[in-house]
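Structural overview
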Amino acid sequence: VLSLFMFYPAYLEISSPMRGPQIQYGTACMNARFSINPDNTCYNNLTNEIQVSIARGADDFTPKGMQIVVMRNEEVKLFNIKDKQNTSTKFLRQMPLNYSNQDDGFGIFDVPGINENRIYIINSGIINPTEVSVAPIVMVGSTEKTCDVTDSITNIKGCPPECSDNSDCVKVQTTCCSCS
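These remarks concern the structure in this document. Just so you know, these numbers come straight off a predicted model, no measurement behind them. (Residues numbered from 1 in each chain as written. Predicted model: local features only at pLDDT ≥ 70, side-chain atom pairs only at ≥ 80, totals over all residues. Heavy atoms only, no water.)

Turning next to the pairing of strand β3 (residues 49-56). Taking burial as the measure, the 8 residues of β3 include 8 buried ones, the bulk of the element. Where burial is concerned, the two faces of β3 agree: the one with E49, Q51, S53 and A55 and the one with I50, V52, I54 and R56 are both buried. Direction of pairing for strand β1 (residues 35-36) relative to β3: antiparallel, over a ladder of 2 bridges. Paired with S35 across the strands is A55, a residue of β3. (Buried < 20%, exposed > 50% of the residue type's maximum accessible area, 1.4 Å probe, protein only. Helix = DSSP H or I, 4+ residues; strand = E, 2+ residues; numbered from the N terminus. Pairing = 2+ DSSP bridges.)

This structure, assessed with the given rule, holds 1 aromatic pair. Here the aromatic rings of F34 and F61 are separated by 5.7 Å at their centres, their planes lie at 80°, and the arrangement is edge-to-face. Pair noted here: F34 is in the loop between α3 (19-30) and β1 and F61 is in the loop between β3 and β4 (65-72), with a separation of 27 residues, a long-range link. In terms of burial, F34 and F61 fall into one category: buried. Taking the ring centre of F61 as reference, the NZ or CZ of R56 above it sits at 4.5 Å. (Phe/Tyr/Trp six-rings, centres within 6.5 Å; stacked < 30°, edge-to-face > 60°. Lys NZ or Arg CZ within 6 Å of the ring centre and 35° of its normal.)

What follows is about the environment of Q67. With respect to the helices and strands, the residue Q67 is situated in strand β4. Between the C-alpha atom of Q67 and that of V149, which follows or precedes it by 82 residues, the distance is 8.6 Å. Sequence-distant contacts of Q67, that is, excluding residues within four places in its chain, are made with L78, F79, N80, S133, V134, A135, I137 and T146. Within polar-contact distance, the side chain of Q67 engages the side chain of N80 at 3.0 Å. (Contact = heavy atoms within 4.5 Å. Polar contact = N/O pair within 3.5 Å; in protein donor to acceptor, adjacent residues only side chain to side chain.)

Here we come to the pattern of salt bridges. Oppositely charged side chains can pair when the atoms bearing their charge come close. Throughout the structure, instances matching the rule amount to 3 salt bridges. Here R118 makes a salt bridge to E116, at a shortest N to O gap of 3.4 Å. Overall, E116 belongs to the partly exposed group, its relative accessible area being 30%. (Salt bridge = Lys/Arg side-chain N within 4 Å of Asp/Glu carboxyl O.)

Coordinates in, geometry out; function isn't part of it.
See below:
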C-alpha cells in the first residue's frame, strides 16, 4: 500500500475533499470581472466624496454584488454593494438616484449588467484617496465569495466644479461633474 502512494501522489491531491470548494471558487471567479473607468472616476474635495465609474463587459457570470475598496496609504475602507438588495445610503449613492425610498436611509442598488456602466458616489471618510479598486462577489452554491480585485486605479483626478446652470453643462459634459 505504501508503494502505491509513492508512485501516485497526484491521486491524493486530486481526490482531496478540500480541493472541491477551492476549484469551484476559482471557476466562479475566473470570468467575474468589473473594470473602473478612469475618465469618469474622480474625487470631489468640496464634499469629500469619490465618484467611481464601474463597468462590466460581456463576460458570462452572475454577480451577487461587488466590493469597492477606497484607499489612502494604510487607510482602507470597504463598501459591499449587493445586487438588488436594500443597502444603506449613508455613505453610498448610485447615479442616477434610483432608490426605492430615500427617506429611510436605504436604497436598492444595482451592479452593472452585461456591457453596462454604473456610477457610484462614495463618502468614504478618506480625504484625497490615492487608489480605488473593485472586486466581484459571486455565489458558489449557497456560499458568498468575494473574488480577487479585477481592476484598480491610482492618481485619482479631482472632479470639476459643479455646474452653476445648464449652460455650463456643455463645457463639462464629458467629465464627472453632473449637471441638473
